[in-house]
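A closer look at the structure
Listed below are the residues making up each chain.
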Amino acid sequence: MKARGKGVNSEFRPKAYFGPQKLEEHLLSNVHGGVVRNRMREMISAGHEKEAQELIDEIVNDGGEIATYLESIHPMFMGGNYLPERQHGEVEIGRINIKSTTYDVTSVYAGRSNGKIRLRVVDEYGGDTLVGHPEMETERPLTMGEFTDFFLGVWPFIDVVMMNAEGDLGEGLDFFWAESSFYPDFDLLLRQRVIEAYAKAYEQDREEG
């Protein structure tokens, strides 16, 4: 079943969360910063994989000096650096980056727990931006729709976008980008949900006006 937009299959379910990763995703998973990760992805896509790998290795092994230096240049380089560390065996399932002053990142980690998959939503503020229970267990990977419902049920993504964009759909769509190596259409689904939220708000305003 297709839902929320042509070409976006909310029933898509990855085969697994754990196991071998593509080299690109493995490299990028070691970069916490959202803006820096995005730049590394662009370099790899442009065929500069070796240079990107060298930069990533330097970032990972420098004890945080590069991250601290970049943060001193512009606060947007702070985004993602203050997410909690993943526990042993955990992988990042998806993340949402927003263009706030510090380009905050909210993420979902997955790990194994008593034969099940344990998912947890994490932010850069010790959970202060989360509104729902941040953890759940599942027998198998979630569909993209289930994953999105869980994520947005814990972190009020739509409210954050609409509050910062002040009713402007174009600004709302430009305010974020989402990433997931397990759900390739995650960003597209979020954009469709933002469009739906703005349409609903418009209808409510028209009825009340």
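This write-up is about the structure you can find in this document. Here the residue index of a chain counts from 1 through its sequence in written order. Per-residue local features are limited, in this predicted model, to residues with pLDDT of at least 70; the limit for side-chain atom pairs, both in listing and counting, is 80 or more; totals at the level of whole chains, interfaces and linings are taken over all residues. Only hydrogens and water are set aside when side-chain values are computed; all heavy atoms of the structure are taken into account.

**Quick notes on the nonpolar core**
Here, nonpolar core means buried Ala, Val, Leu, Ile, Met, Phe, Trp, Tyr and Cys residues that are tied together by side-chain atoms lying within 4.5 Å of each other. In this scheme, a residue with accessible area under 20% of its type's maximum is buried, one over 50% is exposed, and one in between is partly exposed, where area comes from a 1.4 Å probe on protein chains only. Counting residues in each nonpolar core, the largest one holds 35 residues, and the members touching the most others are Tyr17, Ile93, Ile96, Leu119, Phe151, Phe157 and Tyr183. A run of DSSP states H or I qualifies as a helix once it reaches four residues; a run of E qualifies as a strand once it reaches two. Both are numbered from the N-terminal end. Among the elements that make up this core, the one with the highest residue count is helix H5 (residues 144–154) (six residues). With residues near it in sequence (within four places) discarded, isoleucine 93 still touches Tyr17, Val108, Tyr109, Ala110, Leu119, Phe147, Glu179, Ser180, Ser181, Phe182 and Tyr183. We call two residues in contact whenever any of their non-hydrogen atoms come within 4.5 Å of each other.

**Quick notes on helix H6 (residues 157–165)**
Of the residues making up H6, those classed as buried are Phe157, Val160, Val161 and Ala165. Looking straight down H6, one finds its buried side chains confined to an arc of 110 degrees; they lie on one side. What points out from H6, more than 90 degrees from its buried face, is the exposed set Asp159 and Met163. Those residues of H6 hidden inside the fold are in contact with strand E1 (91–98), H5, helix H7 (169–174), strand E5 (176–179) and helix H8 (186–208). Looking at the residues trailing H6, positive phi occurs at glutamate 166, about 50 degrees. Read the arc as the range of directions from the helix axis to the C-beta atoms.

**Quick look at the packing of aromatic side chains**
Geometry of aromatic contacts follows a simple scheme: Phe, Tyr and Trp rings, the Trp one being its six-membered ring, pair when their centres are within 6.5 Å, and the pair is stacked under 30 degrees between planes, edge-to-face over 60, tilted otherwise. Per the counting criterion, the structure on display carries ten aromatic pairs. Ring geometry for phenylalanine 147 against phenylalanine 186: centres 5.2 Å apart, planes inclined by 65 degrees, an arrangement best described as edge-to-face. Pair noted here: phenylalanine 147 is in helix H5 and phenylalanine 186 is in helix H8, with a separation of 39 residues, a long-range link. In this pair, the class of phenylalanine 147 matches that of phenylalanine 186, namely buried. Relative to phenylalanine 176, the ring of phenylalanine 157 has its centre 4.9 Å away and its plane inclined at 85 degrees; by these criteria the two rings are edge-to-face. Taken together, the residues span a long stretch of sequence, with phenylalanine 157 in helix H6 and phenylalanine 176 in strand E5 at a distance of 19 residues.

**As for the side chain of arginine 95**
Examined against the element boundaries, arginine 95 turns out to sit in strand E1. By relative accessible area, arginine 95 is classed as buried at 1%. Throughout this description, a polar contact denotes any pair of N or O atoms lying within 3.5 Å of each other; where both atoms belong to protein, one of them has to be capable of donating a hydrogen while the other can accept it, and for residues adjacent in sequence the pair is counted only when both atoms sit in side chains. Among the polar contacts made by the side chain of arginine 95, one reaches the main-chain carbonyl oxygen of histidine 32 at a distance of 3.0 Å. Within the local environment of arginine 95, its side chain forms a polar contact with the side chain of glutamate 92, the two groups lying 3.1 Å apart.

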